[in-house]
Amino acid sequence: MINKQNRIIGVNKKMKSIFKIAIRNLLRYKRRTLMTSLLIIIGVILVIVFSGVSVSFKSMMIGTITDSMLGHLQIHKKGYVSSIDNLPLHLNINEKGIKKLEKIFKKHDDVLEAYSYRIKFGAMLSNYRETTNIRLTAVQPKMENAACPRLINRIIGDVQDPVKFIEKGKIIIPENLAKGLKIKLGDEIVLVANNKDGSVNGLSLQVSNIIEGLVGPTGRDGFVHIDDAKILLRIDDNEINEVAIRLKNADDLDRVNKLLTDELSQFTNKQGKPVFELHTWANLSPFSTIAAIVDLLIITVKIVLIAIVLISILNVMMMSVYERVSEIGTISAIGTLPSRILWLFMAEGFSLAIVSTIVGNIIGVLGLKVINLAKFHFSFGRMKNILLETSISSSDLISVSLIVIIIAVISSLQPALKASKMQPVDALRHV
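Residues numbered from 1 in each chain as written. Predicted model: local features only at pLDDT ≥ 70, side-chain atom pairs only at ≥ 80, totals over all residues. Heavy atoms only, no water.

Asks: Would you explain the packing of helix H2 (residues 30–70) against helix H11 (residues 338–374) in this entry?
Replies: What describes two packed helices is the angle between their axes and the distance between those same axes. Between H2 and H11, the shortest axis-to-axis distance is 8 Å and the interhelical angle comes to 40 degrees. Taken together, the axes of H2 and H11 lie oblique to each other. Read as a crossing pair, H2 and H11 show a hand that is right-handed. Together, Thr33, Thr36, Ser37, Ile40, Ile41, Val44, Ile45, Ile48, Val49, Gly52 and Val53 of H2 and Leu352, Ser356, Thr357, Val359, Gly360, Asn361, Ile363, Gly364, Val365, Leu368 and Ile371 of H11 make up the contact between the two elements. (Axes fitted to C-alpha atoms, helices over the stretch in contact; angles between N-to-C directions. Helix = DSSP H or I, 4+ residues; strand = E, 2+ residues; numbered from the N terminus. Parallel < 35°, antiparallel > 145°, perpendicular 65-115°, else oblique. Left-handed = near helix turned anticlockwise from the far one by under 90°. Contact = heavy atoms within 4.5 Å.)

Structure below.
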């Protein structure tokens, strides 16, 4: 036991001496060491700032979509999404199905913040002079406000009570339809729609608000109270065709998606096929492509960082080996083991990476704080004046640092091997 401890102490002393010599060698060539270190620092700063800004932008973009329209997850009856363009009413979830879902929601209320029942349908809208088609989402305002809290931000004008942003007998119509049909607040319109049996019904409603489209002026989506939708569509029982779910933590999306998928899989029809289908916001929105592009750009920048570190460290270590051939021969001739020479050059690359990474991390994080203090604003679709709040997680900082250090050590390996394999006689010829 004592011998083992002595060996450990001996190894620690040797490694300390190796690192002292490595740092001393780096300081001997200050200009080259400084230039190499600056390249690595700039690469680290680039990755941290770009990652912080792009990830924050992506998070805000996703937050805008999920909090003002989709929710994080949606549940439908099996086959609904594949025919969603037709807004089918024959694929409604009945009261029995709703009760099954509510049991699941109560069971997992530790991860689910809110959910909203919806009925989506198409109708014809008339202002008694002109007629056009409109897509409508019927909601219970309190539930919808909890599941999509930013929805009311899209409503033009003030909303006195967010919990009652849509009332019975009222309708919220999209901005482009209001302009096209010259409809104003307080005007009366008529909705005409087919129910799932094919019969036609009409309902007179008053325009209470006008809503902006999320990404442009071409939207045709309005909102009505779910009770009015049931009257218009002649739905006597408690039926819906969509459930929008908001999570307490959006980062848990994949885990909760798998959890609810497993829960819903227990419900099957007489043919043994699933009754429900669950989709994430990314499955339902084309903006998931933009999010994927942002992730790809971050990976690309990290690859550039790897290239910078690899070339920089490889260059400085190769130059160090060629300039110190005689020195390597001398220490080899006096009995220094090849393994110690190998570790010496590896320690130089490791030390250079450690110092450069620490400095790069500090400057990169300070750069993100400066961006936050500058209070940059941007627009996304119709969402104006969104404040850019950058941040980067400690896990991302650690991953960037580890990439730099690992690549630095790997790029130091080839020159270190070359130095360790030099024969003293050949090396001393350069004296």
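Following the structure, the description resumes.
Asks: Where do I start with the packing of aromatic side chains in this structure?
Replies: Each pair of aromatic rings is reported with the distance of its centres and the angle of its planes. Taken as a whole, this structure holds three aromatic pairs when the rule is applied. A ring pair is formed by Phe105 and Tyr115, whose centres lie 4.4 Å apart and whose planes are at 35 degrees; its orientation type is tilted. Here Phe105 is found in helix H3 (residues 95–107), whereas its partner Tyr115 is found in strand S2 (residues 112–126), with 10 residues between them in sequence. On the basis of relative accessibility, which here comes to 3%, the residue Phe105 falls in the buried class. (Phe/Tyr/Trp six-rings, centres within 6.5 Å; stacked < 30°, edge-to-face > 60°. Buried < 20%, exposed > 50% of the residue type's maximum accessible area, 1.4 Å probe, protein only.)

Asks: Looking at this structure, how should I read the nonpolar core?
Replies: Within soluble globular proteins, side chains that are nonpolar generally end up buried alongside one another. Phe121, Ile171 and Leu191 are the most contacted members of the largest nonpolar core, which totals 56 residues. Broken down by element, this core gets its largest block of residues, six residues, from S2. Residues Leu26, Val47, Val316 and Leu397 belong to the second largest nonpolar core, which totals 23 residues. (Core = buried A, V, L, I, M, F, W, Y, C linked by side-chain atoms within 4.5 Å.)

Asks: Would you mind going over the pairing of strand S9 (residues 242–247) with me for this structure?
Replies: Put simply, side chains in a regular strand alternate between the two faces of the sheet. Burial analysis of S9 places six of its six residues in the buried class, the great majority of the element. Of the two faces of S9, the one holding Glu242, Ala244 and Arg246 and the one holding Val243, Ile245 and Leu247 are both buried throughout. Bridge count between strand S1 (residues 73–77) and S9: three bridges; the pairing is antiparallel. Counted as the bridge partner of Leu73 is Ile245 from S9. (Pairing = 2+ DSSP bridges.)

Asks: What am I meant to see in the layout of surface pockets here?
Replies: Once rolled over the atoms, a probe with the size of a water molecule shows which space is left empty. The space that makes up the second largest pocket amounts to roughly 640 Å³. Lining the second largest pocket we find 26 residues, and of these Lys58, Ser59, Ile62, Ala250 and Asp251 sit closest to its centre. Mapped by element, the contributors of at least two residues to the lining of the second largest pocket are H2, helix H7 (253–264), helix H8 (281–284), helix H9 (287–323) and helix H12 (394–420). For the lining of the second largest pocket, the element with the most residues is H2, which contributes nine residues. Within the lining of the second largest pocket, the residues separate by chemical class into 12 nonpolar, six polar and eight charged. (1 Å grid on protein atoms, 1.4 Å probe; cavity = no way out; pocket = protein on both sides within 12 Å on 5 of 7 lines; lining within 4 Å. Points joined across faces, edges and corners; volume = space filled by probe spheres on them. Nonpolar A, V, L, I, M, F, W, Y, C, P; charged D, E, K, R; others polar.)

Asks: Teacher, can you tell me more about a nonpolar patch on the surface here?
Replies: Together, Val355, Ile358, Val359, Ile362, Ile363 and Leu366 line one region of the surface with nonpolar side chains, adding up to about 510 Å² of accessible area. Here Val355 shows up in helix H11. The exposure class of Val355 is partly exposed, given its relative accessible area of 48%. (Patch = residues over 30% accessible without salt bridge, like charges linked within 9 Å, V, L, I, M, F, W, Y side chains within 5 Å. Areas by Shrake-Rupley, 256 points an atom, 1.4 Å probe, with all protein chains shown as cover. Salt bridge = Lys/Arg side-chain N within 4 Å of Asp/Glu carboxyl O.)

Asks: What's the story with the pattern of salt bridges in this structure? I'm lost.
Replies: For side chains of opposite charge, pairing can occur when their charged atoms come near one another. Scanning the model with the defined rule gives 15 salt bridges in all. Here Arg150 makes a salt bridge to Asp67, at a shortest N to O gap of 3.6 Å. With Arg150 in the loop between helix H4 (141–147) and strand S4 (155–156) and Asp67 in helix H2, the pair connects residues that are 83 residues apart, well separated along the chain. The partner of Lys170 in a salt bridge is Glu167, with the nearest N and O atoms 3.9 Å apart.

Asks: What exactly am I supposed to notice about H2 here?
Replies: Taking 1.5 Å of rise per residue, 41 residues should cover 60 Å, and H2 covers 57 Å from first to last C-alpha, within 8% of that figure. At the exit of H2 stands Gly71, carrying a positive phi of roughly 80 degrees. (Expected span 1.5 Å × (residues − 1).)

Asks: Got a minute to help me understand the side chain of Thr357 in this structure?
Replies: The residue Thr357 is located in helix H11 in this model. With relative accessibility at 3%, the residue Thr357 sits in the buried group. Residues within four places of Thr357 in sequence aside, it is in contact with Val44, Ser401, Val404 and Ile405.

Asks: Would you explain the side chain of Ser116 in this entry?
Replies: Along the polypeptide, Ser116 turns up in strand S2. Residue classification places Ser116 among the buried residues on the basis of a relative accessible area of 0%. At 2.6 Å, the side chain of Ser116 forms a polar contact with the side chain of Glu144. Residues within four places of Ser116 in sequence aside, it is in contact with Met143, Glu144, Ala147, Glu242, Val243 and Ala244. (Polar contact = N/O pair within 3.5 Å; in protein donor to acceptor, adjacent residues only side chain to side chain.)

Asks: Got a minute to help me understand the packing of H3 against H7 in this structure?
Replies: Running from N to C, H3 and H7 point in directions that differ by 140 degrees, and their axes come no closer than 11 Å. The angle between H3 and H7 falls in the class oblique. In the packing of H3 onto H7, the handedness of the crossing is right-handed. In this structure, H3 uses Leu101, Ile104 and Lys107 to contact H7, whose residues at the interface are Leu260, Glu263 and Leu264. Residue composition of the contact of H3 with H7, by class: four nonpolar, no polar and two charged.

Asks: Which parts of the structure should I look at to understand the environment of Val404?
Replies: By secondary structure assignment, the location of Val404 is in helix H12. By relative accessible area, which is 1% here, Val404 ends up buried. Considered as a pair, Val404 and Thr357 are 47 residues apart in the sequence and their alpha carbons are 7.1 Å apart. If we skip the residues at most four places from it in the chain, Val404 touches Ile40, Val44, Leu305, Val309, Ala353 and Thr357.

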